[in-house]
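# Structural characterization, general
Here are the chains, one letter per residue:
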Amino acid sequence: MRPPVLDLVGKRNWFYLVSILVLVPGLISLLIPPRVKLGIDFSAGSTFTVRFEEPTTREELKDGLATVGHADARVQGTGQNEFLVRTQELRGAASQPPVGPAPPSEREEIEDALRAEFGNMVDAQGRTVDERGQPVGFIEFSSISATVSGKLGLQKSFPFICCGITGNAVSAVVFASLAIFVYLWYSFRTVAQPFRFGAAAVIALLHDAFLVVGVFSILGKMIDTEITKDFVVALLTVIGFSVHDSIVVFDRIRETVSRGEGRTFGEAVNTSLLQTMGRSMNTSLTLVFAILALLLIGGDSIREFLWAMLIGVVTGAYSSVFVASQILVSWDEDDLPRFWRRLLRRADHEEYEAEASPAG
Amino acid sequence: MRRWWSRLLLLAIIGLTAFSGIVVWPSEPDRYLPDQIPWPEGRGIKMKLPTIEGGTFGLTTIERRAMSLGLDLRGGTRLVLAPADARIDDLDAALEGARRVVERRVNEFGVAESEVNRLGNDRLSVQLPGIDPEEAIDKIGRTALLQFCEPVTDAGGNVAVVRNGTVTYEGQTCEPQRDAQGNVVATAGAVEFLPWANDENDPSSNFIVWQPAKADLDGVETELTGRFLRPNTRVDRTVTPDNILGDPILNFEFNPDGADILESVTARLAPRQLPLAFFLDGEPIRGEDDAVIAPRVNQTLSAQGIITGLENDEAQDLSTLLNTGAFPVALVVVQQQDVDATLGDNAVRNTVIAGEVALLVIMLFMVLYYRLPGVMASLALVCYTSFALAIFKLVPVTLTLAGVGAFVLSLGMAVDANILIFERMKEELRVGRNLVVALEDGFNRAWSSIRDSNISSIMTALILYWFGNQFDESSIKGFALVWIIGVLISMFTAIIVTRTFMRFIIGVRPLARRLGLFAADLPDDVRRAGRPAPAVAGGAGGGPAKREER
């Protein structure tokens, strides 16, 4: 038997500490409202058509809207220099511009800013000035309902999720986790305590999901990164990858254990981890390469999506080796009860000291 | 025998890849590939697939010019719908109901990934990916009023016919225009009354003048329409004793009121076996031969009935229309326009190029790290990509950004399966196994983890699909579908395709002699020997030797 070169299992408490240090800021951020910044898919907003006299591209218009605080606006070309725009709800917006003196609404501010940058806007008849002598602004201005509508009353039980797709995604993930748990329990039935494998894989899955959501919660507070419909999909991808990765590592543990290698379960896990390290690294590296390629070339619009995938793939690979497998060992060696005992003993001790000191 | 089988498989794989390549080849290759090379232009695919209709063999043509892409990648059509009459009592509820009907309808027709929003207080905005406006209006705009119609007859029981002209029907019904005396007027030609003898001399159903089939319901003369139908209309196909799929049969079921009316109507028609026709939005439903479908009633019917003679697609569409129901308010299209992709005009191009680069990077990595097996895995990856894209194009699966995400994930899993196999193979080679044994062992021993991880992936994807379906979230549904297809194909390519390639390579002696081509860091003695070194194996691992004993 080769002695383990690297004792990964022995350092498991350090790995837990790393995970906790990485997870806690995100979890704290999730507790502080607004928990995540939701994109325009999830809320009602405003929509309008805008047509310019001068040649204007979609990218220019998007940049222009970003400078007036609507970086998340969705812009679709609909013809020559004509665009269909969907934004967050504009403040004080009426479907008709107010007649007479009134404080400029956000709509007018944006109209003025865009006119200053791209020149006159024209209406359906090609005029730049309407019958009241006002410069032409947005055409067909209207409010619009959320693209993703709430259909499930999950908000009450899970306050950090919004509605519709997120709620459904969360319940889908809960169901999928249960199914994965049961399947792994069955699949690892030849090993002692098979349900631990299912549980550890699900814990790793939650670890990864909360890490990604947490990071986006922090980014939302710091640089206004928004949760879009695509982010939800990226999260599902991350979960799929996380479980896939955990299972591959577990499979090797199953093999090592059933071959009777290693004096203890921990040693067997350590051997398995070292043996699968190359594969774990290579698989995540190939995915990281693929995502980086998309990130560098794929354009701005899907950047959030790709960042979520990238973070997820890295943490997914990390968690299968440094969380899921270590939890198996901790469970086997009764780490948690021991930890509690130690904690309680220390508390007792402090209590004892606290009682003792005033007397002394 | 086995060798033959391998060769045959290799040929089949090459053939299938070439076919998939032709299917997915873009019509404007310069957009996606380096334009220094004059790439041939793809022409899409036009295939004749054998079908069996009514016991005879036929051919249906499938034509696919472009990938089916979502609103975010390619854009589509935008329609603004408004109620024809805005003075109804509860406009808000009616519009919300209409929004749900539109949403159901666009998704049931298979045009997934569409968006339906309330626009202001009194309008709906619908965005549909990749179809032209007429098609979109046709899909959404139909009010789905199904009417059951009987022939107009005179006092003598003769059937009204217009042979060289037309009769105009009122609105979207089968009520013909009549003059003050109640006689049917033809816009051209003349209305004749011909006897109905229930034989081959009867006038063709195409010429018959129809009127709504009515009967007394609780003292009120009531027309028999689709509103009495239960929403469980479905299409069945009979199977002949020779196991051949027969004609589609549209089954419908009435609620008790509808059953009463149908009973009275059929009781009236059955003695003379007069026909019954079906009008949808004022147009008679026609069969494959373009003749008006008008089955003769030969018995009294009540709750249930069938319509036969439809083409399969038509039967499915009609069934959907009847099940999704009519609009609570009549809608008119007030605006229609083409819209570009929500991710920008260049979204497709950027995504495709990024995908190509990603694929090349992965291939480069595999070749550098795993050498000759890496080359084989890269070839298998090419097979994988072309198979998957060909299936997406042929089904068709509407690809959105979410789908691309799922595709990248399945790409990763396809590579992962190969990495697992090769790592195992390297381990076997390192302890001095011979190449053939190492290869087979690598595949066999990696199988359990490939199986478990892929089964759990498919399970997760099925649950996601079910949820997406349950709550009309087409992006989750699309994601799950692409993931399932991807995982299934990746299992095929990563295992069968790679193994076939590897077996072929191992059969080429000059390559098989150089073990260094298969693994980089082999112990010197193993590499030099190029054959099993049992003594080394026992010393280094211990494991493999033990396994052999078992």
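### Some remarks on the overall build of chain B
When you go through chain B residue by residue, the secondary structure sums to 15 helices and 17 strands. Scored against the burial criterion, the 550 residues of chain B give a buried share of 42%.

### Digging into the overall build of chain A
If you tally the helices and strands in chain A, you get 9 helices and 4 strands. Traced from its N-terminal end to its C-terminal end, chain A shows the element sequence α-β-α-β-β-α-β-α-α-α-α-α-α. Per-residue burial over chain A gives 45% buried out of 360 residues. Relative to all contacts within chain A whose residues are 6 or more apart in sequence, the contacts with residues 24 or more apart total 70%.

### Examining the nonpolar core
Among the nonpolar cores identified, the biggest contains 139 residues, and Ala201 and Leu235 of chain A together with Leu464 and Phe479 of chain B are the most heavily contacted of them. Excluding residues that lie within four positions of it along the chain, Ala201 of chain A makes contacts with Ile180, Leu184, Val243, Ser246, Ile247, Phe250 and Ala324 of chain A. Ranked by size, the runner-up nonpolar core spans 40 residues in total, among them Phe254, Ile261, Phe279 and Ile307 of chain B.

### Let's talk about the interface of chain A and chain B
Opposite the 57 residues of chain A that make contact, chain B presents 61 residues. Only β2 (74–79), β4 (139–144), α4 (164–187), α6 (229–258), α7 (265–297) and α8 (303–332) of chain A provide two or more residues apiece to the side of chain A that touches chain B. With 13 residues, the top contributor of residues to the side of chain A that touches chain B is α6 of chain A. Here the residues of the side of chain A that touches chain B are counted per class, giving 28 nonpolar, 21 polar and 8 charged.

### Looking at unusual backbone geometry
All names here are of chain B. Its identity is not glycine, yet Asp218 carries a phi of approximately 50 degrees, on the positive side. Mapped onto the secondary structure, Asp218 falls in the loop between β10 (214–217) and β11 (220–223). Residue Asp218 is classed as exposed on the basis of its 7 C-beta neighbours within 10 Å.

### Focus: the sheet that holds strand β9 (residues 210–212) of chain B
Residues and elements named next belong to chain B. What the 4 strands build is an open sheet, ordered β9-β6-β14-β15; its pairing is antiparallel. In the strand order of this sheet, the two ends are held by β9 and β15 (283–284), each with one partner. Here strand β14 (residues 277–280) pairs with β15 via 2 bridges, running antiparallel. In the strand pairing of β15, Leu280 is matched with Glu283.

### Things to note about helix α6 (residues 256–269) of chain B
In an α-helix, one full turn covers 3.6 residues, which means residues spaced three or four apart are oriented alike. Under the 1.5 Å per step criterion, the end-to-end length of α6 of chain B is 20 Å for 14 residues, consistent within 8% with the ideal 20 Å. At its buried positions, α6 of chain B is contacted by β6 (146–151), β10, β11 and β16 (304–308) of chain B.

### Points about the pairing of β10 of chain B
On a regular strand, each side chain points to the face opposite its neighbour's, so the side chains alternate between the two faces of the sheet. Residues and elements named next belong to chain B. By the bridge criterion, 4 bridges tie β10 to β11 in an arrangement that is antiparallel. Bridge pairing links Ala215 to Thr222 in β11. What sits between β10 and β11 in their antiparallel hairpin is a turn of 2 residues, with Asp218 showing a positive phi close to 50 degrees.

### Notes on the packing of helix α5 (residues 194–223) of chain A against α6 of chain A
All names here are of chain A. Contact pair α5 / α6: the axes reach a minimum separation of 9 Å and the direction vectors enclose 145 degrees. Here α5 runs over α6; the crossing is right-handed. Contacts between α5 and α6 involve Phe197, Ala201, Ala204, Leu205, Asp208, Ala209, Val212 and Phe216 on the former and, on the latter, Phe231, Leu235, Val238, Ile239, Ser242, Val243, Ser246, Ile247 and Phe250. A per-class count over the contact of α5 with α6 returns 14 nonpolar, 2 polar and 1 charged.

### Re the packing of α6 of chain A against helix α9 (residues 401–430) of chain B
Contact geometry of α6 of chain A with α9 of chain B gives a least axis separation of 9 Å together with a crossing angle of 15 degrees. In terms of axis orientation, α6 of chain A runs roughly parallel to α9 of chain B. Regarding α6 of chain A and α9 of chain B, the two cross each other, and that crossing is right-handed. For the pair α6 of chain A and α9 of chain B, the contacting residues are Asp230, Val233, Ala234, Thr237, Gly240, Phe241, His244 and Val248 of chain A in the first and Leu401, Ala402, Gly405, Ala406, Leu409, Gly412, Met413 and Leu420 of chain B in the second. Residue composition of the contact of α6 of chain A with α9 of chain B, grouped by class: 10 nonpolar, 5 polar and 1 charged.

### Re the environment of Ile218 of chain A
Residues and elements named next belong to chain A. Inspection of the secondary structure assignment puts Ile218 in helix α5. On the neighbour-count criterion, Ile218 (17 C-beta atoms within 10 Å) is partly exposed. The spatial distance from the C-alpha of Ile218 to the C-alpha of Pro25 is 7.9 Å, given a sequence separation of 193 residues. Sequence-distant contacts of Ile218, defined by excluding residues within four places in its chain, comprise Pro25, Gly26 and Ser29.

### Focus: the confidence of the model for chain B
Residues and elements named next belong to chain B. The share of residues in chain B with pLDDT of 70 or more is 80%, and the mean pLDDT across the chain is 76. Of the regions scoring below 50 in pLDDT, residues 530–550 engages in 23 contacts with residues more than four places distant in sequence or in other chains. Here the complex is predicted with pTM 0.70, and the ipTM for its interfaces comes to 0.76.

### Examining the environment of Asp236 of chain B
Residues and elements named next belong to chain B. Position of Asp236 among the secondary structure elements: in strand β12 (residues 234–239). Judged by C-beta crowding, with 13 C-beta atoms within 10 Å, Asp236 ranks as partly exposed. Taking C-alpha positions, Asp236 is 9.6 Å from Asn312, a pair spaced 76 residues apart along the chain. Excluding anything up to four places from it in sequence, Asp236 contacts Ile249 and Asn251.

### A look at helix α8 (residues 347–394) of chain B
For α8 of chain B, with 48 residues, the first-to-last C-alpha span of 22 Å runs short of the 70 Å given by 1.5 Å per residue. Its axis deflected by about 150 degrees at Arg371 of chain B, α8 of chain B carries its strongest bend there, up to four residues before the proline Pro373 of chain B.

### Thoughts on the confidence of the model for chain A
Keep in mind that low pLDDT regions are not for reading the predicted coordinates in detail. A residue-level look at chain A finds 85% of positions with pLDDT of 70 or above and a mean pLDDT of 80. Within the model, pLDDT remains below 50 along residues 150–163 of chain A, and this stretch shows 26 contacts once partners closer than five positions in the same chain are excluded.

Reading the values: the criteria
Residues numbered from 1 in each chain as written. Chains lettered and ligands numbered in written order. Predicted model: local features only at pLDDT ≥ 70, side-chain atom pairs only at ≥ 80, totals over all residues. Helix = DSSP H or I, 4+ residues; strand = E, 2+ residues; numbered from the N terminus. Buried ≥ 20, exposed ≤ 12 C-beta atoms within 10 Å, placed from the backbone. Contact = placed C-beta atoms within 7 Å. Core = buried A, V, L, I, M, F, W, Y, C linked by C-beta atoms within 7 Å. Nonpolar A, V, L, I, M, F, W, Y, C, P; charged D, E, K, R; others polar. Pairing = 2+ DSSP bridges. Expected span 1.5 Å × (residues − 1). Axes fitted to C-alpha atoms, helices over the stretch in contact; angles between N-to-C directions. Left-handed = near helix turned anticlockwise from the far one by under 90°. Parallel < 35°, antiparallel > 145°, perpendicular 65-115°, else oblique. pLDDT = per-residue confidence, 0-100. Bend = angle between axes of the 7 residues up to and from the residue.

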